[in-house]
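Letter by letter, the chains look like this.
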Amino acid sequence: MNAVITDAELEQHGVTRDEYARIVGILGREPNRTELGIFSVMWSEHCSYKSSRVHLRRLPTEGPAVLQGPGENAGIIDIGDGLAVAFKIESHNHPSYIEPFQGAATGVGGILRDIFTMGARPIAAMNSLRFGPLHGDLGGPNRRILEGVVGGIAHYGNCFGVPTVGGEVGFAECYSQNPLVNAFALGVFEKDRIFFGKAAGVGNPVIYVGAKTGRDGIHGATMASAGFGEDAGAKRPNVQIGDPFMEKLLLEACLDAMEKGLVVGIQDMGAAGLTCSSCEMGARAGTGITLELDAVPQRESGMTPYEIMLSESQERMLLVASASRADALFDVFRKWGLDAAQVGEVTGDGLLRVRLSGESVAEVPNGPLADEAPLYERPAVPPSKPRIDGWLPLYSFLDGAPGSTYESFREADANPGAADYDALMLRAVASPNLASRRWIWEQYDHMVQSSTVVGPGSDAAVVRIKGTGKALAMVLDGPSVHVARNPREGARKAVAEACRNLVCSGARPVAATNCLNFGNPEHPEVMWQFGEVVDGLAEACSVFGTPITGGNVSFYNETFREDIYPTPVLGLVGLIEDLSLVTTASFRDEGDAVVLIEPGSRVEHIDLEEERALQNLLATLIRDGLIRSAHDLSEGGLAVAAAESCFSTLHRRPVGARLHVPSRLEVCRDLFGEFPTRVLVSTRQPGALIERAARAGLLGHRLGAVGGQRLVLEYEGVRAVDLDIADLERVWADALPGALNGRPLFD
Amino acid sequence: MKVTVIVTLKPTVLDPQGNAIQRNLETAGISGVTDVRQGKYFEVEVSDAVGASERRVLIERLARDVLTNPVIESYRIEWE
Amino acid sequence: MKVTVIVTLKPTVLDPQGNAIQRNLETAGISGVTDVRQGKYFEVEVSDAVGASERRVLIERLARDVLTNPVIESYRIEWE
Amino acid sequence: MKFGVVVFPGVNCDRDCRDAVTAVTGQPVEFIWHQETSVEGFDALVLPGGFSYGDYLRPGAIARFSPVMAAIGAFARRGGLVIGICNGFQMLTEAGLLPGALLKNAGTKYVCRYLHLRAESSETPFTCAMEKGRLLHMPIGHGDGNYQADRETLGRLEDADRIAFRYVDGDGRATAEANPNGSVSNIAGIVNEGRNVMGMMPHPDRSFDRILGSEDGRLVFQSMIGALSRV
Ligand SMILES: Nc1ncnc2c1ncn2[C@@H]1O[C@H](COP(=O)(O)OP(=O)(O)O)[C@@H](O)[C@H]1O
Ligand SMILES: [Mg+2]
């Protein structure tokens, strides 16, 4: 079974000479081609985290609520009442560039499997997306990518029956040839019914269930571990097609089988397919697995062992059952109309043995394959000059905006007295990073399961837990331009903002997941960014008491050698102890007072202690019933937060407000500037609220009141902004559909 | 003039729709069907003002750039 | 044996997908197309164990009862 | 009074329907697996929303062949109450228990949003707890809700007062802008000739609790209980 492996083959597999020597060392002989394939996918960047692991160790992963940290399919937290929550985020960037619709769809499918593999029923999904600008040279392709990605997410999530309750979308030039698609899912289960991917019990059958194995996606994991150049087209045969109906059947059948106690261990076949699921299950249990490839259901004839082991066909699961109860397990699958087959057996010798027609075609020890991947401490060097000029993070929403909008703000910032703030306001709400995302989320079923209390469009999504009075709040956040300017600071801000969003919705932040989207790790600047971001996340997550229970790293996000911005995306989950605490960003009744809460000084740098004071204050104000609405100030600053609070909701038409904006710096910055640690609230007890803020060491400014049909922002006695709120809302609402039709409001 | 464009999934690409139909034919009392693959069928009407050679170019572009996703599908034009 | 079934919307039934394609043609720089109607195209593989006459009945039933909604669609079978 | 919620592979509102019926009526609710051949013992049936068989081919097309469908047909012919919501409506038209067909939305995209409905008749077991003309706030979530029927069928629906709901704007007008999917005459729900089978695209099962945005969906299930207790 030996063959001579050439240098060309090693390169094709992305295996270095050193790594090859390591493989030979583990095996005690040269590998054959199938074995080389197996090692190459398991040791790919995507599966082995070989460049990131040394850094990820610095993340805080433990806390009183954490039942399962990183290392399993998803992280798990305890939410009381005997219930637990599994959640995770994962990237599907490369597949979504090659085929936006199917790439995004299968990304959703993958993360949902990670959740129900553990025994949890998915109750919510979110996604974080990045695209290149919708205008300009690449506007056409970028629009098609966006439409495809959104369509794919909708197709999969809607059919599967999970509500897509939130997410975020950002635009910047660097994502033009490299969109980011990060999918998050969350599920609930009883805390004593957690399932793990362990192949326990020598002699137990290994069972395959779900879609047949085809040639799709062979080397998907390796593909996600290389950038795109001229040959992107050549990678296309790898495209996988998602089958959400099959996945829905798998969900119901697997949960049914788990409920009946028929499952010993279970893992989905995601990246690196059969190889990854079998060797990881064996490695976790310290056992071996023998696979009989003839038994693997196949879609195409004449597949080689190499192809079968490396296929990334979707909607497949691998299970270990106890020998005596395998029949009952097959009955469950039959009921749900699923094909299942015994494909192997658990053994005691720790080897992954692969056989075809009675002959051994590969024999690799599970442990080293799964756990002894090379570990790289790649060179990290700060860039010689920052990529983003210092001015942009002040108005980060302008990144990816049409040139004229960018210029108008630049001029206003330089010459604040001369600007037309009505015009700037209209441009701000129509800018790609601020425009209404309704066109996107209306395509997502965000109400299935009848638990969505706050759907897309507020600071955080809120989903009730049936059978309790509790709810979960969740949010995705990734402020890329801040991170591009200053990775560590940007990461701290991302955590702070995500937690602030949860607190604004009435929740207490509990735990986090993260997806780290970066450029080429072989570029020292990229590794420097990575290390800085990890340290920023670690620091902020410790301060807010939100351990990181899992995540995903996506490297090689580059096209034509241009790295994307470092783009960490944070997923934060919070607990709302009582549904009466649920709070949204929208102003409620005429006459309610509007108050801005912020620290004493308005600076760009975030002080995490001040931030914590603000969040604690807000949480107690909500608990004590002083808050009617709460909205976190982020992109577009105070002016945009105020407008968003005025826009229409499910329960009311748009409502105006008349606000006096305190003068601290100058008008443009005070209106639109982005400074951390600020919230806009409405209340019926402004006096008490301001006093409580002062006691917490924060400033509470009474800005004015809700009411009328106009949004009026006064600055130093002048009406800087005075717009009909319905008109402003229309501009905000029409901007994205307009841009997608190639008819932007401003160019 | 009327032209027909047929768009089908490339042979190795998974067809969940066709599979689901095939797998459930038994319940409809139909047996003996071993495979179903689903494609799209377009009837395109072209203005007579468009000349014959221009028409060929036009339909080719329509079929290739609009009606087909080249990553997973291929097309066939039936001129009548 | 392979048989093709083509299912099209009846002429009086409106076709949202065809309309949407047609509406977007101008942005794609294609003009001169006056109408697009979208139908479905099925490639059906029948087991050779099924005899010829039985096969005709089978495919007729498949096309009429399963693949077509008679309220809005009609079908055509292409025997090869 | 016992409600049955019929479960086909791929539907995903089965639990929502159970929870809604339980919360609103307090009556027992049981799931009925699509392989069942009898619906004996049930007083009303709910065909839930979702994507039966992935909605591949056409929504509701494959579900029609499930064994339980024959039993549902017989139940309906005996006058039993059957409500199809969203995918359930699509199944009922595919099975010929309701006239017309549901095409792809005019905008071709899936649409999930709250909107307004107007109760067009109070003379059905599904709307008898509402006065005619009553406005309801309810969500939709579908990609194929574009109701179409030929002129003759429409005439019959109109003449026999068989249109249950129309899509309207906040002021109760059935305008083109208020129509989310292109349905002919803004139709959102209809009943059969015997008035005991209704299909509707909007989701009363997602609007039975204020915390979800509206509780107007309760009126549909309350109507059914009212009608059942009257016989
Ligand atoms: N950025 C990160 N932070 C924390 N944990 C991470 C991160 N990236 C990956 N992990 C953890 O490493 C493990 C392997 O991840 P991955 O290979 O993406 O899982 P899967 O095989 O389910 O796709 C998971 O437990 C994941 O949570
Ligand atoms: Mg996994």
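All of these numbers come straight from a predicted model, not from anything done at the bench. (Residues numbered from 1 in each chain as written. Chains lettered and ligands numbered in written order. Predicted model: local features only at pLDDT ≥ 70, side-chain atom pairs only at ≥ 80, totals over all residues. Heavy atoms only, no water.)

Novice: How should I be thinking about the overall build of chain B in this particular structure?
Specialist: Counting its regular elements, chain B contains two helices and three strands. When the helices and strands of chain B are placed in sequence order, the string is β-α-β-α-β. Its C-alpha atoms give chain B a radius of gyration of 16 Å, more than 25% over the compact-globule value 12 Å for 80 residues. In terms of overall dimensions, chain B has a C-alpha envelope of 50 × 25 × 15 Å along the principal axes. Considering only contacts within chain B whose residues lie at least 6 apart along the sequence, 66% involve residues at least 24 apart. Accessible surface, chain B as shown: approximately 3700 Å² in total, 47% of it carbon and sulfur. Averaged over its 10 positive side-chain charges, chain B has a centre that lies 5 Å from the centre of its 12 negative ones. (Helix = DSSP H or I, 4+ residues; strand = E, 2+ residues; numbered from the N terminus. Rg over C-alpha atoms; globule rule 2.2 N^0.38 Å. Contact = heavy atoms within 4.5 Å. Areas by Shrake-Rupley, 256 points an atom, 1.4 Å probe, with all protein chains shown as cover. Lys, Arg positive; Asp, Glu negative; His and termini not counted. Charge placed at Lys NZ, Arg CZ, Asp CG, Glu CD.)

Novice: How should I be thinking about the interface of chain B and chain C in this particular structure?
Specialist: Interfaces are often sized by the accessible area lost when the parts come together. In this complex, chain B contributes 31 residues to the contact, which on the side of chain C involves 31 residues. A combined buried area of about 2600 Å² lies between chain B and chain C, and 63% of that area is made up of carbon and sulfur atoms. Of all residues in chain B, the largest losses of buried area upon contact with chain C belong to Ile-30, Tyr-41 and Glu-43 of chain B, amounting jointly to 21% of the total for that side. Taken together, the connections running from chain B to chain C amount to zero salt bridges. In this assembly, chain B and chain C are joined by 15 residue pairs in polar contact (both at pLDDT 80 or more). Elements with a minimum of two residues in the side of chain B that touches chain C: β1 (2–9), β2 (33–46) and α2 (52–67) of chain B. No other element matches β2 of chain B, which puts 14 residues into the side of chain B that touches chain C. (Buried area = accessible area lost by both parts, 1.4 Å probe. Salt bridge = Lys/Arg side-chain N within 4 Å of Asp/Glu carboxyl O. Polar contact = N/O pair within 3.5 Å; in protein donor to acceptor, adjacent residues only side chain to side chain.)

Novice: How should the coordination of the magnesium ion (ligand 2) be read in this particular structure?
Specialist: Residues and elements named next belong to chain A. Only Asn-73 (OD1) and Asp-114 (OD) from the protein reach the magnesium ion (ligand 2) as donors, at distances of 2.2 to 2.6 Å. You can see Asn-73 sitting in the loop between β1 (66–68) and β2 (75–80) and its partner Asp-114 sitting in helix α7 (residues 100–116), a full 41 residues away along the chain. Relative accessible area serves as the criterion here: at 7%, Asn-73 is assigned to the buried category. (Donors = N, O, S within 2.8 Å, 3.2 Å for Na, K, Ca; no water. Buried < 20%, exposed > 50% of the residue type's maximum accessible area, 1.4 Å probe, protein only.)

Novice: Please clarify how the site of ligand 1 should be interpreted in this entry.
Specialist: All names here are of chain A. Taken together, 17 residues form the shell around ligand 1, and within it Tyr-49, Gly-71, Glu-72, Glu-90 and Asn-514 come nearest. Here an oxygen atom of ligand 1 sits 2.8 Å away from a polar atom, N or O, in the main chain of Glu-72. Between ligand 1 and Lys-88 there is a distance of 3.1 Å, counted from an oxygen atom to a side-chain nitrogen or oxygen. For ligand 1, whose accessible area on its own is 550 Å², the fraction buried by protein is 85%. (Near = heavy atom within 4 Å.)

Novice: Just to check I follow, could you spell out the sheet that holds strand β23 (residues 629–632) of chain A for this structure?
Specialist: Paired through their backbone hydrogen bonds, the strands of a sheet run either parallel or antiparallel. Residues and elements named next belong to chain A. Strand order in the open sheet formed by seven strands is β23-β25-β22-β26-β24-β27-β28, with mixed pairing between adjacent strands. The outermost strands of the open sheet, each flanked by one partner alone, are β23 and β28 (718–724). Between one strand axis and the next, the sheet turns through 20 degrees on average, direction left out of account. Bridge count for strand β24 (residues 657–660) against strand β26 (residues 699–706) is three bridges, and the pairing is antiparallel. Paired with Arg-658 across the strands is Ala-705, a residue of β26. The sheet strands contacting helix α19 (residues 487–504) are β23 and β25 (679–683), and the helix crosses β23 at an angle near 170 degrees. (Pairing = 2+ DSSP bridges. Axes fitted to C-alpha atoms, helices over the stretch in contact; angles between N-to-C directions.)

Novice: Any chance you could explain the interface of chain D and chain C here in plain terms?
Specialist: Taken residue by residue, the interface counts 14 residues in chain D and 16 residues in chain C. When the buried surface of chain D facing chain C is broken down by residue, Leu-57, Arg-58 and Leu-103 of chain D rank first, second and third, together holding 42% of it. If you look at where chain D meets chain C, you find one salt bridge. With a shortest N-O distance of 3.6 Å, Arg-58 of chain D and Glu-73 of chain C are connected by a salt bridge.

Novice: Whenever I open this one, the relation of the copies chain B and chain C confuses me. Can you help?
Specialist: The relation between the two copies of this chain is a rotation about an axis and a shift parallel to it. Of the transformation placing chain B onto chain C, the axial shift is 0.0 Å and the rotation is 180 degrees, giving an RMSD of 0.3 Å. Such a combination of turn and shift is consistent with a two-fold rotation axis. Among all residues of chain B, the one whose C-alpha sits closest to the rotation axis is Lys-40 of chain B, at a distance of 2.4 Å. Here 100% of the interface residues in chain B have copies in chain C that are interface residues too; the copies meet face to matching face. (Least-squares fit on C-alpha atoms with pLDDT ≥ 70 in both.)

Novice: Is there a simple way to explain the pattern of salt bridges in this structure?
Specialist: Oppositely charged side chains can pair when the atoms bearing their charge come close. Residues and elements named next belong to chain A. The tally for this structure, following the rule as stated, stands at 80 salt bridges over all chains. The shortest N-O distance in the salt bridge between Asp-349 and Arg-353 comes to 2.6 Å. A residue is classified by how much of its surface remains accessible, and Asp-349, at 38% relative accessible area, is partly exposed. Across the pair Arg-669 and Asp-413 runs a salt bridge whose closest N-O atoms are separated by 2.8 Å.

Novice: Sorry, what's going on with the packing of helix α3 (residues 33–42) of chain A against helix α11 (residues 273–285) of chain A here?
Specialist: Each pair of packed helices can be summarised by the angle the axes make with each other and by the distance between the axes. All names here are of chain A. The N-to-C vectors of α3 and α11 enclose an angle of 80 degrees; their axes lie 10 Å apart at closest approach. Regarding the angle of α3 to α11, the classification is roughly perpendicular. Facing α3, whose interface residues are Ile-38, Val-41 and Met-42, α11 presents Thr-275, Cys-276, Cys-279 and Glu-280. Taken together, the residues of the contact of α3 with α11 sort by class into five nonpolar, one polar and one charged. (Parallel < 35°, antiparallel > 145°, perpendicular 65-115°, else oblique. Nonpolar A, V, L, I, M, F, W, Y, C, P; charged D, E, K, R; others polar.)

Novice: Looking at this model, I keep getting lost on the side chain of Asn-433 of chain A. Mind explaining?
Specialist: All names here are of chain A. Among the secondary structure elements, Asn-433 is positioned in the loop between α16 (421–430) and α17 (438–441). The exposure class assigned to Asn-433 is buried, which follows from its relative accessible area of 10%. A polar side-chain atom of Asn-433 sits 2.8 Å from the main-chain amide nitrogen of Phe-171. Here the side chain of Asn-433 touches Phe-397 through a polar contact of 3.3 Å, landing on its backbone oxygen. Aside from chain neighbours lying at most four places away, what touches Asn-433 is Val-169, Gly-170, Phe-171, Ser-396, Phe-397, Asp-399 and Glu-635.

Novice: Can you help me understand the sheet that holds strand β3 (residues 73–79) of chain C in this one?
Specialist: Strand order in the open sheet formed by six strands is β3(B)-β1(B)-β2(B)-β2(C)-β1(C)-β3(C), with antiparallel pairing between adjacent strands. Edge positions in the open sheet fall to β3 (73–79) of chain B together with β3 of chain C, since each of these has one partner strand only. Each strand axis lies, on average, 25 degrees off the axis of its neighbour in the sheet, ignoring direction. In the sheet, β1 of chain B pairs with β3 of chain B via seven bridges, with the strands oriented antiparallel. Bridge pairing in β3 of chain B places Ile-6 of chain B opposite Arg-76 of chain B. Relative to the sheet, helix α1 (residues 16–23) of chain B contacts β2 of chain B together with β2 (33–46) of chain C, its axis offset from that of β2 of chain B by approximately 130 degrees.

Novice: Help me understand the environment of Pro-386 of chain A in this model?
Specialist: Residue and element names in this part refer to chain A. Positionally, Pro-386 belongs in the loop between α14 (366–371) and α15 (403–414). Pro-386 gets classed as partly exposed once you look at its relative accessible area, which sits at 45%. For the pair Pro-386 and Val-162, spaced 224 residues apart in sequence, the C-alpha to C-alpha distance is 41 Å.

Novice: So what exactly am I meant to see when it comes to the confidence of the model for chain D here?
Specialist: Low-confidence regions, as indicated by low pLDDT, have predicted coordinates that should not be scrutinised in detail. Averaged over every residue, the pLDDT of chain D is 97; residues scoring 70 or more account for 100%. Quick note on the complex model: pTM equals 0.96, ipTM equals 0.95. (pLDDT = per-residue confidence, 0-100.)

Novice: How should I be thinking about the packing of helix α2 (residues 17–27) of chain A against α3 of chain A in this particular structure?
Specialist: All names here are of chain A. The contact between α2 and α3 brings their axes to 11 Å, and the two run at 115 degrees. Handedness of the α2/α3 crossing: right-handed. Contacts between α2 and α3 pair Tyr-20, Ile-23, Ile-26 and Leu-27 from the former with Glu-35, Leu-36 and Phe-39 from the latter. Of the residues contributing to the contact of α2 with α3, the split by class is six nonpolar, no polar and one charged. (Left-handed = near helix turned anticlockwise from the far one by under 90°.)

Novice: Which parts of the structure should I look at to understand the packing of aromatic side chains?
Specialist: Geometrically, a pair of aromatic rings is defined through the distance of the ring centres and the angle of the planes. Scanning all chains against the criterion turns up 19 aromatic pairs over all chains. Ring geometry for Phe-87 of chain A versus Phe-184 of chain A: centroids 6.2 Å apart, planes at 40 degrees, classification tilted. In this pair, Phe-87 of chain A sits in strand β3 (residues 83–91) while Phe-184 of chain A sits in strand β6 (residues 180–190), placing the two residues 97 residues apart along the sequence. For the pair Phe-409 of chain A and Phe-672 of chain A, a centre-to-centre distance of 5.1 Å together with 90 degrees between the ring planes defines the contact as edge-to-face. Here Phe-672 of chain A lies in helix α23 (residues 667–672) and Phe-409 of chain A lies in helix α15, a separation of 263 residues in the sequence. Like Phe-672 of chain A, Phe-409 of chain A is buried. In this structure, Arg-56 of chain B is placed above the aromatic ring of Trp-79 of chain B, and the distance from its NZ or CZ to the ring centre is 4.2 Å. (Phe/Tyr/Trp six-rings, centres within 6.5 Å; stacked < 30°, edge-to-face > 60°. Lys NZ or Arg CZ within 6 Å of the ring centre and 35° of its normal.)

Novice: When you look at the state of the cysteines in this model, what are you seeing that I'm missing?
Specialist: By definition, a disulfide is the covalent link that joins the sulfur atoms of two cysteine residues. Under the definition given, this model contains zero disulfides over all chains. This cysteine, Cys-159 of chain A, is not joined by any disulfide, and Cys-13 of chain D carries the nearest cysteine sulfur, 12 Å off. With relative accessibility at 2%, the residue Cys-159 of chain A sits in the buried group. Its sulfur unpaired, Cys-128 of chain D is 18 Å from the next cysteine sulfur, which belongs to Cys-17 of chain D. Residue Cys-128 of chain D is classed as partly exposed on the basis of its relative accessible area, which comes to 25%. (Disulfide = S-S within 2.5 Å.)

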